[in-house]
Amino acid sequence: VRSHGLAERATAIQELVYELRVGAVMSRDVITVSPETRMSDLRSILRDRRISGTPVMEGERIVGIVSVEDFINWLAQGGIDCPVAERMSTQVRTIVEDEPLVQAVSVFDRRGYGRLPVVERRTGRLVGVLTKGDIIEGLLRRLEVSHTEEELRSYRASHIFRDMVADQIAVRFRYGIHDGPIEQGGSVASGLKKSLRRLGLHPEIVRRAAIATYEAEMNVIIYAREGTVTVNVQPERVEIEVADRGPGIPDIARALEPGYTTAPDWVRELGFGAGMGLPNIQSCAGQLDIASTVGQGTTLRIMIPMEV
Amino acid sequence: MATGVGLKLAQVAQILEAGSLTGQVSMDRMIRVVCASDLMSDVLCFGRRADLLVTSLTNAQAVRTAEVSDIPAICFLHDKVPAADVVALARETGIALLRTPRSMFNACAALAAAGIEGCGA
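Residues numbered from 1 in each chain as written. Chains lettered and ligands numbered in written order. Predicted model: local features only at pLDDT ≥ 70, side-chain atom pairs only at ≥ 80, totals over all residues. Heavy atoms only, no water.

Visitor: Got a minute to help me understand the sheet that holds strand β6 (residues 73-76) of chain B in this structure?
Guide: Paired through their backbone hydrogen bonds, the strands of a sheet run either parallel or antiparallel. Residue and element names in this part refer to chain B. In spatial order, the strands read β2-β7-β6-β5-β4-β8; together these 6 strands make up an open sheet with mixed pairing. Each edge of the sheet is formed by a strand with only one pairing partner; in this case those strands are β2 (19-20) and β8 (117-118). Where β6 meets strand β7 (residues 96-99), 4 bridges bridge the pair, whose relative direction is parallel. Looking at β7, one finds that A73 is bridged to A96. Sheet strands touched by helix α5 (residues 104-113): β4 (33-36) and β5 (52-55). Its angle to β5, the strand with the most contacts, is close to 150°. (Pairing = 2+ DSSP bridges. Helix = DSSP H or I, 4+ residues; strand = E, 2+ residues; numbered from the N terminus. Contact = heavy atoms within 4.5 Å. Axes fitted to C-alpha atoms, helices over the stretch in contact; angles between N-to-C directions.)

Visitor: Even after reading the chapter, I still don't get the packing of aromatic side chains, so can you show me in this structure?
Guide: Each pair of aromatic rings is reported with the distance of its centres and the angle of its planes. Residue and element names in this part refer to chain A. Taken as a whole and judged by the stated rule, the model has 2 aromatic pairs over all chains. Measuring from ring centre to ring centre gives 5.4 Å for F71 and W74, while their planes differ by 45°; the resulting arrangement is tilted. Of this pair, F71 and W74 are both found in helix α4 (residues 68-76), 3 residues apart, which corresponds to roughly one turn of the helix. As far as the burial class goes, F71 and W74 line up, both buried. (Phe/Tyr/Trp six-rings, centres within 6.5 Å; stacked < 30°, edge-to-face > 60°. Buried < 20%, exposed > 50% of the residue type's maximum accessible area, 1.4 Å probe, protein only.)

Visitor: Explain the pattern of salt bridges here, please?
Guide: Scanning the model with the defined rule gives 20 salt bridges over all chains in all. In this structure, the salt-bridge partner of B:E67 is B:R64, at a minimum N-O distance of 3.0 Å. Of this pair, B:E67 and B:R64 both sit in helix α3 (residues 60-68), 3 residues apart, which is roughly one turn of that helix. Judged by relative accessible area, which is 11%, B:E67 ranks as buried. Taking the relative accessible area as the measure of exposure, B:R64 reaches 10% and is therefore buried. Among the salt bridges present, the one from B:D79 reaches B:R99, with a minimum N-O distance of 3.6 Å. Of this pair, B:D79 sits in the loop between β6 and α4 (84-93) while B:R99 is found in strand β7, placing the two residues 20 residues apart along the sequence. Shared partners join several salt bridges into a network, and the residues in it are A:E236, A:R237, A:E239, A:E241 and A:R301. (Salt bridge = Lys/Arg side-chain N within 4 Å of Asp/Glu carboxyl O.)

Visitor: Could you clarify how one ought to interpret unusual backbone geometry in this entry?
Guide: Excluding glycine, residues mostly carry a negative phi; peptide bonds, for their part, are mostly trans. All names here are of chain B. For D70, which is not glycine, the phi torsion reads 60° and is therefore positive. Relative to the assigned elements, D70 resides in the loop between α3 and β6. Judged by its relative accessible area of 17%, D70 is buried. Although it is not a glycine, D79 adopts a positive phi angle of roughly 55°. A relative accessible area of 36% places D79 in the partly exposed class.

Keep in mind that these numbers describe shape and distance, not what the molecule does.
Below is the structure:
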């Protein structure tokens, strides 16, 4: 069981800053002005677009950058109308689209800029603008995904295995697969998935257990109509037993061959029945035991070790 | 972790000229790896987790398969519209649904050209 403290979150941000490219978080919808734009018009441009600065473009070429600060200085010095060209900064530091964010962070840090025009490496063409706000927003968006997973880990009913004192601990779930509309296929796997996540198992283990159960559940629905799923969760493994009183499997070795199938056509319309069921279960499981008697039924025992 | 930066789901929708069947939720989600198949067992057996399932199968099993394999979004091909209960199941399980007029081949070609990776060999 992993704990996700501040330190780990900080490490995740550091990794992201190296992993993410400028192009992934910059604003692409760039507002620009021309050198001839009047300073008196700049105010409404900045205000209406809610931006704090803009590149000054002569055709495709960046000739300067003008910010709210330049505007305030201009006002302070009397606000006599003139073209932007006379008030803009002409020393424009740009950043290339495919550079890692860490590069941009260090430029902001050293130079105190508010924004960086982003250019394409090959052509030098302006493709976006990057602000500190864009960086923060981009990082938060990427952290959101891992955060959901983290939340699930903290919402376990939990530390259950760590906190209980006993020589042996197991949590048991039991589900019935009922004869009913085929659309219900997968509802057991779905319920099991939610339960295992709440127990705080690693997402990859939950995924394997859900996939194996889903395939087994579809097999029961297709061939036997009804059955039971019993899941035993122990600290070192998840055991899933799927039992039915269906027709049984005449040749288990063949049934395990990828692509071998005896499924009727209507099953194919559901996206199953292509002979991948048992092989799929096998690839999710550390161990798969099949006990089957023709005319009496089939019991699958799927063992998934906790190691990822 | 995938190497490509990927695209937002909204950008993927734009590339595929796809409309959303589940509103604007999750349209900001990053899509890096796509799984494309009409065989749900094939989807289930791809080892790598995908961010989007591209399929022409529009029944509840497509949504269940996505749910079970941690795939947060599905794009249906040939402008196929799933039944209302399938959309409801997707909403309930938090899976975004799109539909595109494109064929499997053309949808995949467009996604590959945009730098999206596939799962499986």
